[in-house]
Amino acid sequence: MRTNQPTTIHLSEYKVPAYLVDAVDLCFELFDDGARVHSTLSVRHNPESTEESAPLALDGDSLKLESVALNGKELAAGDYEETDEQLVIAKVPVQFELKVVTWIEPQNNTRLEGLYKSSGMFCTQCEAEGFRCITYFPDRPDVMARYRTRIEADKNTCPVLLSNGNDVEKGDLDNGRHFVTWEDPFPKPSYLFALVAGDLVEKQDTFTTCSGRDIDLRIYVEARNAAKTRHALDSLKRAMRWDEETYGREYDLDIFMIVAVDDFNMGAMENKGLNIFNSSCVLASQETATDLAFQRIESIVAHEYFHNWSGNRVTCRDWFQLSLKEGFTVFRDATFSADMGSSTVKRIEDVTLLRTAQFAEDAGPMAHPVRPASYMEISNFYTLTIYEKGEEVVRMIHTLLGPELFRKGSDLYFERHDGQAVTTDDFVRAMEDASGRDLSQFRLWYEQAGTPELTVSDNYDDEQGVYRLTVQQSVPDTPGQTDKKPQHIPFALGLLGADGETLPLTLENDQNAASAPVERVLELTEASHTFEFHGLSQKPVPSLLRSFSAPVRVVYPWSREQLLFLMSHDSDGFNRWDAGQRLAIDVIQSLVASTETVEVEPRLVEAYRSLLGDATLDQALVAKMMQLPSEAYLVELANSPDVAAIHRTRERVATYLATALRDELIECYHRNTGTDVYEITPESVARRSLRNTALAWLLMINDETGRDLALAQLSAADNMTDRMGALRALVNSDYASERTQVLTDFYERFQEDPQVVEQWFSVQASSDRAGQLPQIHALLEHPAFDWKNPNKIRSVVAVFAGQNLAAFHNPDGSGYEFLADQVCRLDDSNPQIAARLVTPLTRWKKFAPAYSALMRSALERVRDKSELSADLYEVVHKSLES
Ligand SMILES: [Zn+2]
């Protein structure tokens, strides 16, 4: 905690470490009132460093130093300097052994960084800079060492003792204590260190790798969760097989462990051989988890597993390169999920997140490139830009190279850099070397922040049968960056004829017009490009940026006829969905803008009607298309948005559609309901998704039949998807007494299960009916709410501010003051979470003046809090100064 300005760290000032650590020998003595950590480091001067006689500076945070010894000789207090952040020894030999003993208090660690206790269990979170809260160490990813870890603890309270690698020794000690020693043969950065000690049960499985080695798979959970591990184990095995087949990557240790922890700042952590998961991202059963949760767990288990190669074997040189491991690994897990289910729906979900939240980040005060140039607090940079835009950047390389050359590039990358800490530039160079393509202009995607905008115009020359398409690109200014250069953008497109057929795309200098493809990836490199398509007998309807081939905004003067046409004819599933979204957005925006009451576009009803009746279309896609663009996305698209007006208008359009389509919705509900056995197949997931979407629409108009269907579904459901679908629909209706009743019943039934209680909280916090401010306050007072548990905080406070926009943006400013209060309260115990929660307020500049003034003053109150953490300092100051 500090009140002075934290230092800014710049990529341009990167220097290789002056000292390297070859081996780390750790011994943890764990007690109820704290832990003693004995650390022995084998240190040598880095031959690549020009600082010959540099002092040895080790990072440390909140440590109580007990002793330091160099080459076996205890140092006196004057031989070293101890500050709040470092242990510095001015004179050291070229090679030496350093022994440091520290005392820490995991039971009082509410930041959940380093070693802490969660429901009686010791566990760690070291990424990005948590290892320094355990012992003194050069806590930077380019110092890679071999770890040997001995853990000693009470045998009764901590029968299970885990760390990275393989267990090599175990035994009993005096006073009812025991120990286990773990050895990790692979050098790793300190952020991948992990330790777990507690009373856990073990679920086992095995996996035989492509070379025939048997891997011992284990999930450790509290006994009450033993029945909720099957899905994660199955997902893990699918991910291991997929990575062998798709990337040729085999697992390297003999054992792979996953531990579920209730109190966790992140989703999950890829520590070598010992992944630690937030319980909500790993535990699932039919009775307690929704289909969405099942899919999310599969993708997170895969993501952390894939890191074993993209992150652990090849790691980041410094934290500016975070997207090296995250962007690539998110791309890997997204492709995996697409292969396991509906690839179009997966793409729609990812793009929805990107366009709603990452585009907003890219246009806000914290906008930064995929490879940032500076930061104050690295934990603020675990952002959508690093992860999701970083993923899009890797995806574009895949699109430009094609799958075979991309695979050649990833093989070269893993082979060339195995065991090294490298940069995003090394990644791109491997792709260039393997493919022979020049990606120098493409590198701007890593350097320039902001979302590029493509303005597309076209004309058709009917005498010559030529269609001309002009694409102009610009990249908006962002904090600290102006006058940006044009980027290298893959732009996938198709053209549709009057009957909806795809037309051949013959460019002007194509030799063989007959074999012209019906889809092309055009490459944009200049500020403006014009493409000519020949041999067309009619003006086509363009299908632009197919499958969202680049993370850009496309501006084209679509007519409603064109959008309706694409919505029912485009062979690209993503663009078909996107046309429906654009049409709904256009209708809602024009109603928000008009001063008098205008009729809602009647053709919208017909479009949704034919969608509901189309049994030939992928039903998962139909369910997606039946969802109107979210309020958050409508807000993101608007200039100076008036949130209340957007909320009212969206409700009005939804009500109008639901009223007009009432009979079709009931029919759709029944068509997708039956006595089917619960399975997680794409078909049954789609059926559940559609019937719950139909329920949501029906309850929006307080339909009595809909209400009865929801109540019946709630009491008959054998799975959480249907239960939650009915609950959510009822909570968002005007049936107040039913709402109270079903919420009470639901809580009574599931109160022992923290993951279900979190869902119960968020259903209420996201609802404009059940989540007004007094009700949110009541949730915070609820016995199941826990200020020490990040999941509970997110499910009430973050959901309220991020999803319940009408209530959060209450014109009286009470929502803003509420958020400021919670952020200030949390900053003292968990600054990482506080800095993430404050995000909605940092967008103050975007909103209509009446809102932005109130948001700003709430933010200023946070700024003026005493003892502001570095995390919060950076976010609040950057957004107020911009
Ligand atoms: Zn990751």
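Provided above is the structure to which this section pertains.
No experiment lies behind these values; they were computed from the predicted model shown.

Cut-offs applied
Residues numbered from 1 in each chain as written. Predicted model: local features only at pLDDT ≥ 70, side-chain atom pairs only at ≥ 80, totals over all residues. Heavy atoms only, no water. Helix = DSSP H or I, 4+ residues; strand = E, 2+ residues; numbered from the N terminus. Rg over C-alpha atoms; globule rule 2.2 N^0.38 Å. Buried < 20%, exposed > 50% of the residue type's maximum accessible area, 1.4 Å probe, protein only. Areas by Shrake-Rupley, 256 points an atom, 1.4 Å probe, with all protein chains shown as cover. Lys, Arg positive; Asp, Glu negative; His and termini not counted. Charge placed at Lys NZ, Arg CZ, Asp CG, Glu CD. Contact = heavy atoms within 4.5 Å. Pairing = 2+ DSSP bridges. Expected span 1.5 Å × (residues − 1). Donors = N, O, S within 2.8 Å, 3.2 Å for Na, K, Ca; no water. Tetrahedral: all angles 85-135°; square planar, octahedral: opposite > 155°, others 65-115°.

A. How the structure looks around the overall build of the protein chain. Along the protein chain, the regular secondary structure elements total 28 helices and 32 strands. Relative to the globule expectation of 29 Å for 882 residues, the C-alpha radius of gyration of the protein chain, 28 Å, shows essentially globular dimensions. Seen along its three principal axes, the alpha-carbon backbone of the protein chain occupies a region of about 90 × 70 × 60 Å. In the protein chain, which comprises 882 residues, the proportion classed as buried is 61%. Accessible surface for the protein chain amounts to roughly 33,600 Å². Of this, 48% is attributable to carbon and sulfur atoms. The protein chain carries 87 positive and 137 negative side-chain charges, and their two centres are separated by 1 Å.

B. Quick look at the side chain of E758. Its place among the elements puts E758 in helix α20 (residues 754-765). Here E758 is in contact with S280, N789, N791, K792 and S795, once residues within four sequence places are set aside.

C. Geometry of the pairing of strand β26 (residues 466-474). Two strands pair when backbone bridges link them, and strand β25 (residues 453-461) and β26 are joined in this way by nine bridges, in the antiparallel orientation. Paired with S457 across the strands is T470, a residue of β26. Hairpin geometry of β25 and β26 is characterised by an intervening segment of four residues between the two adjacent antiparallel strands and by a positive phi of about 70° at G465.

D. Local environment of the sheet that holds strand β8 (residues 86-89). Taken together, the three strands give an open sheet; going across it, the order is β4-β8-β7, and neighbouring strands pair in antiparallel fashion. A strand with exactly one partner marks an edge of an open sheet, and here the two such strands are β4 (56-59) and β7 (81-82). Relative to β8, β4 runs antiparallel, the two sharing four bridges. Paired with L56 across the strands is I89, a residue of β8.

E. Structural view of the environment of I585. With respect to the helices, strands and loops of the structure, I585 is situated in helix α10 (residues 573-593). Along the primary structure I585 and Q713 are separated by 128 residues, whereas in three dimensions their C-alpha atoms are 32 Å apart. Those residues in contact with I585 that sit more than four places away from it in its chain are P629, Y633, L634 and L637.

F. Summary view of helix α6 (residues 403-417). The end-to-end C-alpha distance of α6, which contains 15 residues, comes to 21 Å, matching closely the 21 Å that a straight helix rising 1.5 Å per residue would cover. Of the surrounding elements, those touching the buried residues of α6 are α1 (230-247), α3 (322-340), α5 (384-401), β24 (421-422) and α7 (424-435). Two residues or fewer past α6, G419 is found with a positive phi of approximately 80°.

G. Local environment of the coordination of the zinc ion. Surrounding the zinc ion are the protein donor atoms H303 (NE2), H307 (NE2), E326 (OE) and E326 (OE), at 2.0 to 2.7 Å. Its four donor atoms give the zinc ion angles of 53 to 153° at the centre, a pattern that matches the irregular case. Positions of the donor residues of the zinc ion along the chain correspond to the pattern H-x3-H-x18-E. Here H303 is found in helix α2 (residues 291-306), whereas its partner E326 is found in helix α3, with 23 residues between them in sequence. Residue classification places H303 among the buried residues on the basis of a relative accessible area of 8%. Residue class for E326 comes out buried when judged on its relative accessible area of 2%.

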